[in-house]
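Structure assessment
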Amino acid sequence: MSALLEVEDLRVTHEGNPIVDGVDFTLEAGEALALAGESGCGKTTTALALMRLLPPALQQSGTITLRPPGVEKPINIGRRTETGMQLVRWRHLSLVFQGAMNSLDPVQKVGKQIAEAIQLHERSADSSDVAGRIDELLETVGLTGGVADRYPHQLSGGQRQRVMIALALACRPSLVIADEPTTALDVVMQAQVLQLLERLREELGLALILISHDMGVLAETCDRIAVMYAGRIVETGAVGAVFGEPQHPYTKRLLDSLPVIGGERGIAAPIPGSPPDPGNPPEGCSFNPRCPYRAERCDIDPPLREVRPGHWAACHYAPWDAWPEVPPPVVAGGEAAT
Amino acid sequence: MSGALMDVTDLAVEFKARRTTARALDGVTLEWQPGEILGVVGESGCGKSTLARAMLGLQETAAGGIALDGTPVTDRAGRRELRRRVQMIFQDPYQTLNPRQRVRAIVTEPLRVQGIDASEHEQRVDRALHDVGLDPARYLDRYPHQLSGGQRQRVAIAAALVLEPDGLICDEPVSMLDASVRAQILNVLVALQKRRGLALVFITHDLSLAWSLCDRIAVMYLGRIVEEGRATDVIQQPRHPYTQALVTAIPIPSPGGGGRRELLRGELPDPTAVPSGCRFHPRCPRRFEPCDRVDPSLIETGAPGQRAACLLHDPAAVAAAAGTERPA
């Protein structure tokens, strides 16, 4: 009852086709949840639905309840009007999206942009107080005060991404959703930004939803993970359990495809085919056309069920105590459907 | 000379602004053997893409040069030969294909440009598409917008292969693709290397990818190669503090894999104001007395064929410093 965020039966449709198809999860205060999956699986759409920022062509349904500490009544995000949402966004939950570093206003100094965000939500804040907070925020994300007087083009990609994180924190929200926050950065910058997010969680008790297709990034930063495929969560549990003993064939193959330094060299066999078209989903389990372990029951849609304590998977054959031999690599040069 | 497909010797590339000059490449020497997969790794801005352009003869050079099969590439004829023998694919398959051309025209174009007899076109285009796993009958008449990201990158590879080059330079070819599509493209490239003996240069900031794919790798920092050697040696036993920092920064896809780590601070310095001495010294966790004065060159250290440009591996520098100050 006390979870910070509760999402029940979240659905997003486009012209009647499901993009997000019944997603449920909860998030405790200070917890970090990973949303994993490939492009088109619905992870970004889920993030936008939580912010109520979907484009008009997409319809969302389901309940999203946010209980920020110190706020008496739970916030029913699904039911809020646009004006009502404006009071919630940035103040209680904020979003750092992919390529966000390119969304700063190019003709305004960084400090001014942060000040605007603060003053919009706290009309009473006086300007000397705001200036102090900007310096504090920039320091929190590891930027020196001088950055406030610079324009975005005078900053590097990593610095701009830090400014975006500072902006997301400006009104002290209890939840930040970060959608591929490090994808445009190289390894060193990525590691710095991830370490920053981790530190902010510790220091500010911030809850985090981290969206990425990079399983390495997720494993290092999050407590729990939800793997999405074709608009649904197909596996969820503690990061240790899911990475250590995956219980859905999709997760298993996704993890197998990652190179591990010191392990076996070479390129893993790809998952054949491509994710289903939301307008024409396969019969039964949505992964069955690509699944190497497919068997007769796979024609029936598998529910997400608890296959081990705290570890859920949408596969009829879970729990998998041992995985059958990996199928032979797809011979390059053969016809592949992608 | 060395039997290499390509020798890059002491190459320098400069970009001049009104008052300042940025050395994007500064004394880069590299051998690329036939059939070899050579990785070039480093942060953005280190000069790896400029190196790729220079290797294709697309970049004016300030000093040094490249040689193909031991023959220096100096004139127009040489560059034309170079562009037939060595091809390139880029990071973004959405931007490299002409949206108004069909796959047939895209893959045929290199043949036209190189003046290959028209009677050969159809057969060679078909074969190139087969090689990348696309059925010509299904894809020849499609436009790029009718293809997925993975299919587009395949078409880009087919267009690069249609001239049957000996070398293919891949600039971050999979960094925009999802895990499963990425594996498909990598499989196509590795199969080409195995079947046709195609040599590959893999430019990437992803060290785990370089580790799993490359025979040898060169690590670049601010326009220089700071370490090179067999991929397994360089990544599993890096000798240069910069390589060590890059390896430490790789996120590890297993729970608790990364743990607490010491990270490289700051960012690449401005290439118009290269630090004195070792150009890595302002960020280096292991710098000692001579590092801000002495510019290290690559010296053999570690495994056979492994070289690093770091004074820690120069006994004379370490001994001299020990007399005055202890290494940090």
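Residues numbered from 1 in each chain as written. Chains lettered and ligands numbered in written order. Predicted model: local features only at pLDDT ≥ 70, side-chain atom pairs only at ≥ 80, totals over all residues.

Some points on the overall build of chain A
- Along the backbone of chain A there are nine helices and twelve strands.
- Against the globule reference of 20 Å for 338 residues, chain A gives a C-alpha radius of gyration of 21 Å, in line with a compact fold.
- Here chain A, with 338 residues, has 47% of them falling under the buried criterion.
- By sequence separation, contacts in chain A at least 24 residues apart represent 64% of the contacts at least 6 residues apart. (Helix = DSSP H or I, 4+ residues; strand = E, 2+ residues; numbered from the N terminus. Rg over C-alpha atoms; globule rule 2.2 N^0.38 Å. Buried ≥ 20, exposed ≤ 12 C-beta atoms within 10 Å, placed from the backbone. Contact = placed C-beta atoms within 7 Å.)

Focus: the overall build of chain B
- Counting secondary structure elements, chain B contains eleven helices and twelve strands.
- Against the 2.2 N^0.38 benchmark of 20 Å for 328 residues, chain B shows a C-alpha radius of gyration of 21 Å, consistent with a compact globule.
- Dimensions along the principal axes, computed over C-alpha positions, put chain B at roughly 75 × 50 × 40 Å.
- Burial analysis of chain B (328 residues in total) assigns 49% to the buried set.
- Taking contacts inside chain B between residues at least 6 apart in sequence as the whole, the part at least 24 apart equals 65%.

Overview of the sheet that holds strand β8 (residues 199-204) of chain B
Residues and elements named next belong to chain B.
- Ordered in space as β6-β7-β8-β3-β9-β10-β12-β11, the eight strands form an open sheet in which the pairing is mixed. The open sheet has two edge strands, β6 (86-89) and β11 (299-300), and neither has a second partner.
- Where strand β7 (residues 167-171) meets β8, five bridges bridge the pair, whose relative direction is parallel. Note that in β8 the partner of I169 across the bridge is V201.
- Against the sheet, helix α10 (residues 241-249) contacts β9 (216-221) and β10 (224-230), and its axis sits at roughly 105° relative to β9. (Pairing = 2+ DSSP bridges. Axes fitted to C-alpha atoms, helices over the stretch in contact; angles between N-to-C directions.)

Quick word on the nonpolar core
All names here are of chain B.
- A158 and V219 are the most contacted members of the largest nonpolar core, which totals 199 residues.
- With nine residues, helix α7 (residues 179-196) is the single largest residue contributor to this core.
- With residues up to four places along the chain from it excluded, the contact list for A158 reads V107, A128, L129, D131, V132 and L134. (Core = buried A, V, L, I, M, F, W, Y, C linked by C-beta atoms within 7 Å.)

Topic: the packing of helix α3 (residues 103-113) of chain B against helix α6 (residues 149-161) of chain B
Residues and elements named next belong to chain B.
- Across the interface, α3 lies against α6 with an axial gap of 7 Å and an inter-helix angle of 30°. As summarised for this structure, α3 and α6 are arranged roughly parallel, according to the angle between their axes. The handedness of the crossing between α3 and α6 comes out as right-handed. Residues V103, I106, V107, E109 and P110 of α3 touch α6, and the partners they reach there are V155, A158 and A159.
- Taken together, the residues of the contact of α3 with α6 sort by class into seven nonpolar, no polar and one charged. (Parallel < 35°, antiparallel > 145°, perpendicular 65-115°, else oblique. Left-handed = near helix turned anticlockwise from the far one by under 90°. Nonpolar A, V, L, I, M, F, W, Y, C, P; charged D, E, K, R; others polar.)

Quick notes on the interface of chain A and chain B
- In this assembly, 43 residues from chain A lie in contact with 43 residues from chain B.
- Looking at the side of chain A that touches chain B, the elements with two or more residues in it are α6 (187-204), α7 (215-221), α8 (239-244) and α9 (249-256) of chain A.
- Residues of the side of chain A that touches chain B, tallied by class, amount to 21 nonpolar, 16 polar and six charged.

Some details on the pairing of β9(B)
Residue and element names in this part refer to chain B.
- β9 sits mainly inside the fold: six of its six residues count as buried.
- Here β9 shows no split at all, with R216, A218 and M220 on one side and I217, V219 and Y221 on the other all buried.
- Relative to β9, strand β3 (residues 37-41) is paired through four bridges, and the arrangement is parallel. Within β9, the position partnered with V41 by the bridge is V219.
- Between β9 and β10, which pair antiparallel one after the other, the connecting turn spans two residues, and L222 there sits at a positive phi close to 45°.

Points about α10(B)
- Turning to α10(B), its buried residues number three or more, namely P241(B), Y242(B), T243(B), A245(B), L246(B) and A249(B).
- On the buried face of α10(B), the contacting elements are α6 of chain A together with α8 (207-213), β9, β10 and α9 (231-236) of chain B.

With respect to the packing of helix α3 (residues 110-121) of chain A against helix α4 (residues 127-140) of chain A
Residues and elements named next belong to chain A.
- At a minimum axis distance of 10 Å, the contact between α3 and α4 shows a crossing angle of 115°. In this structure, the crossing between α3 and α4 has a hand that is right-handed. In this structure, α3 uses G111, I114, A115, I118 and Q119 to contact α4, whose residues at the interface are V130, R133, I134 and L137.

Considering unusual backbone geometry
Residues and elements named next belong to chain A.
- Here A318 and P319 are connected by a cis peptide whose omega angle stands at -5°.
- Its place among the elements puts P319 in the segment after β12 (311-313).
- One non-glycine residue, E15, lies in positive phi territory at about 50°.

With respect to the sheet that holds strand β4 (residues 63-68) of chain B
All names here are of chain B.
- In space, the four strands of this open sheet follow the order β2-β1-β4-β5, with antiparallel pairing throughout. With partners counted over all chains shown, the strands left at the sheet margins are β2 (21-32) and β5 (71-72), one partner each.
- Both β4 and β5 contribute to a ladder of two bridges, which runs antiparallel. In the strand pairing of β5, A67 is matched with P72.

Things to note about the pairing of β7(B)
All names here are of chain B.
- Of all five residues in β7, five are buried; the element is thus mostly enclosed.
- Side chains G167, I169 and D171 project from β7 onto one buried face, and the interleaved L168 and C170 project onto a second face that is buried too.
- Here β6 runs beside β7; their pairing, made up of four bridges, is parallel. The partner of M88 across the bridge, within β7, is I169.

Focus on the environment of V113(B)
- Among the structural elements, V113(B) can be located in helix α3.
- Distance in space between the C-alpha atoms of V113(B) and R84(B) is 9.8 Å, their sequence separation being 29 residues.

Looking at the confidence of the model for chain A
- Put simply, chain A has an average pLDDT of 87, and 94% of its residues get 70 or more.
- Here residues 329-338 of chain A is modelled with pLDDT under 50, and outside its nearest four sequence neighbours on either side it reaches 30 contacts, counting other chains as well. (pLDDT = per-residue confidence, 0-100.)

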